[in-house]
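Report on the structure
Each chain is listed here by its residues.
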Amino acid sequence: MDRTRSAVRFLLDGKTVEVTQWTATTMLLPVLREQLGRTGSKEGCAEGDCGACMVLVGREHRGRVRYQSVNACIRPLALVDGCEVVTVESLAATGAPLHPVQQALVQHHASQCGFCTPGITMALAGCYLEEERPDREKILSCLSGNLCRCTGYRPVIDAALSMDNYPPAESWNKHCGQDPERLAAIRALDDGTTLVQDTAGERFAAPRTQTALAQWLALHPDATLVGGATDLGVAVNKAFRKPQLMLSTAHVQGLDEMHADAGTISIGAAVSLSDALTELAGHYPALAELKERFASPPIRHAATLAGNLANGSPVGDTLPPLLVLDAELTLVSPKETRRIPLHGFYTGYRQTGLRLGEYISAIHIPRPRPHQRIAAYKLARRFDQDISTVSMALSADLQEGCLSRVRLAFGGMAACALRLPALESALEGQALDKIDPARMDALLERALAPLSDHRGSAGYRQAAAQGLLRRALLQWQGAGACRIEDLEPTA
Ligand SMILES: Cc1cc2nc3c(=O)[nH]c(=O)nc-3n(C[C@H](O)[C@H](O)[C@H](O)COP(=O)(O)OP(=O)(O)OC[C@H]3O[C@@H](n4cnc5c(N)ncnc54)[C@H](O)[C@@H]3O)c2cc1C
Ligand code: FES
Ligand code: FES
């Protein structure tokens, strides 16, 4: 039996904090505010949308400490065990000079009521540590998870563009991640024990090996697995969900790794979505926009690809691209390990082929083929931090103007993300410039029966699906980047 401990341990301003009063669903934010007096971090929405609660979390990554923003409101306390936590108070001690980000915000009058300011400061502090003189695009991306309702973004962006002009902070300078003492302090938090808590009818465990995880699942097959908790955290805060036992994949050895061999890229279940999507976009540049548009940086730093696939939402953004890329899943249970195609994994609304006591250990994506083309589009009401209304992915080999190995998938058009075999067959072997768009529209009409909801009517979704397919085919014909609104109406 592994040695266990129940206190969550993390570093805060160079000191080890031990929290003993917590349950599986205790989030980091109330602990910071109510137990540790760090009231700089605010609660705006409690669902990962506004960024008022943003903090940085430092973890060992490739021999240094990597600091990344996360939303403390939906970050279970247990998931910062073994990490360093940086709050807005950490950036400048009382009486010490302000951090360059803070100086820049002050100089540019980038705060009015100030409610959003700590979160914006932390988003920019993460950006500052990550990159030398980030450009406007990078800054906009870093701020995409922060809502400011009174100052407006112009002064905030101006401040961010100038933050590198101010004298560097002593402890939070560009090189702090390479400080061997910080790394040693983070490593010292790990004494080889397993974090287990059983309080107030809620249990939590963070097994450290796949064998230990399987043992827990053998005893408790209906346990709730937790990756980054960006879905579960919202369910806890907003739907008052209280899983009886939460099993975290975060500390399971090997699940946080990615491998690429000659044919396949394999992504472990605990790899963050930001790392997974960066890796995938490196192989498939057409996925770069999806990476940028999936939620916001703090959500992507916390979430996992496995969580997005297991959640099985019909509007999960990674499902259509992974369906058309012929991705496969390794599923592990105490009894067996099996590898199955993602196509066929979804059986209904948020229903998957996961059996009781089974978890996703890895996702496998074939490397691109020489003539393979990919298109992946997301339609949502906002560019940033918004759930899809409709999404589409298309993959095919394009040789001498003809399509083969066609895969087409949609999200937001049915109870689950789905591939459309009828359309795939109709496109197979077709010369790209001879495809009859009206025929494709008619086939889509027959294959899809979308619902109306607050994000879009059935009619809108149908027209959008038709437009997205036309857009991909036009782009492959060399029409360049075409906007959906420039296309000919279909009705
Ligand atoms: C503000 C905000 C914005 C968002 N924007 C988007 C968006 O743009 N696009 C989008 O698609 N989603 C979005 N989401 C949803 C969410 O971030 C994703 O679904 C994310 O990928 C979930 O991953 P996770 O690791 O956080 O999952 P968790 O919350 O940990 O788990 C989600 C589900 O998966 C199960 N699970 C987790 N890991 C495993 C495993 N290894 N094996 C089996 N089951 C497992 C859990 O039991 C749970 O049922 C957003 C969420 C928030 C809060
Ligand atoms: S309080 Fe809004 S993101 Fe956390
Ligand atoms: S300064 Fe008031 S919400 Fe941003």
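Everything numeric here is computed off the predicted structure, so don't read it as measured data. (Residues numbered from 1 in each chain as written. Chains lettered and ligands numbered in written order. Predicted model: local features only at pLDDT ≥ 70, side-chain atom pairs only at ≥ 80, totals over all residues. Heavy atoms only, no water.)

Bringing the site of ligand 1 into the picture now. Taken together, 36 residues sit near ligand 1, with Leu225, Gly228, Thr230, Asp231 and Thr304 positioned nearest. Contact between ligand 1 and leucine 232: an oxygen atom at 2.9 Å from a main-chain N or O atom of the residue. Starting from 990 Å² of accessible surface for ligand 1 in isolation, the protein chains cover 92%. Those elements that place two or more of their residues in the shell around ligand 1 are β9 (224–226), α9 (232–239), α13 (305–311) and β17 (359–366). Counting residues per element, the shell around ligand 1 draws most heavily on α13, which supplies five residues. Considering only residue class, the shell around ligand 1 consists of 18 nonpolar, 11 polar and seven charged. (Near = heavy atom within 4 Å. Polar contact = N/O pair within 3.5 Å; in protein donor to acceptor, adjacent residues only side chain to side chain. Areas by Shrake-Rupley, 256 points an atom, 1.4 Å probe, with all protein chains shown as cover. Helix = DSSP H or I, 4+ residues; strand = E, 2+ residues; numbered from the N terminus. Nonpolar A, V, L, I, M, F, W, Y, C, P; charged D, E, K, R; others polar.)

Attention shifts here to empty space enclosed by the protein. Regions of empty space are outlined by a rolling probe, equal in size to a water molecule, passed over the atoms. Scanning all chains against the criterion turns up two cavities of 30 Å³ or more. Of the volumes computed, that of the largest cavity is approximately 80 Å³. Glu289, Leu290, Arg293, Asp317, Pro320, Pro321, Ala376, Tyr377, Lys378, Ser391 and Met392 together form the lining of the largest cavity. Taken together, the elements giving at least two residues each to the lining of the largest cavity come down to α11 (288–293), α14 (319–324), β18 (372–379) and β19 (390–399). Classifying every residue of the lining of the largest cavity gives six nonpolar, one polar and four charged. Space inside the second largest cavity adds up to approximately 60 Å³. As for the second largest cavity, its lining consists of Tyr284, Val324, Leu325, Asp326, Pro366, Arg367, Arg369, Gln372, Ser395, Arg405 and Arg407. Across the lining of the second largest cavity, the residue classes break down as four nonpolar, two polar and five charged. No fewer than three residues from each of domain 3 (258–366) and domain 4 (372–486) sit in the lining of the second largest cavity. (1 Å grid on protein atoms, 1.4 Å probe; cavity = no way out; pocket = protein on both sides within 12 Å on 5 of 7 lines; lining within 4 Å. Points joined across faces, edges and corners; volume = space filled by probe spheres on them. Domains from an automatic or database assignment.)

Right, let's talk about the UniProt feature "domain: FAD-binding PCMH-type" (unreviewed entry) in the protein for a bit. When the UniProt feature table is mapped onto this chain numbering, "domain: FAD-binding PCMH-type" (unreviewed entry) sits at residues 196–370. From the first C-alpha to the last, residues 196–370 spans 48 Å; its make-up is 31% helix and 26% strand. (UniProt positions renumbered as here; feature names shortened; annotations may be inferred.)

For the rest of this paragraph, the subject is the pattern of salt bridges. Tallying each qualifying case throughout the model produces 28 salt bridges. Between glutamate 289 and arginine 293 there is a salt bridge, with its nearest N and O atoms 3.7 Å apart. A residue pair is termed a helical-turn pair when its members lie 3 or 4 positions apart in one helix, as glutamate 289 and arginine 293 do in helix α11 at four residues. A residue is classified by how much of its surface remains accessible, and glutamate 289, at 40% relative accessible area, is partly exposed. Take arginine 293: its relative accessible area is 6%, and that puts it in the buried class. Each of Arg5, Arg9, Glu18, Asp81 and Asp191 takes part in a single network of salt bridges with overlapping partners. (Salt bridge = Lys/Arg side-chain N within 4 Å of Asp/Glu carboxyl O. Buried < 20%, exposed > 50% of the residue type's maximum accessible area, 1.4 Å probe, protein only.)

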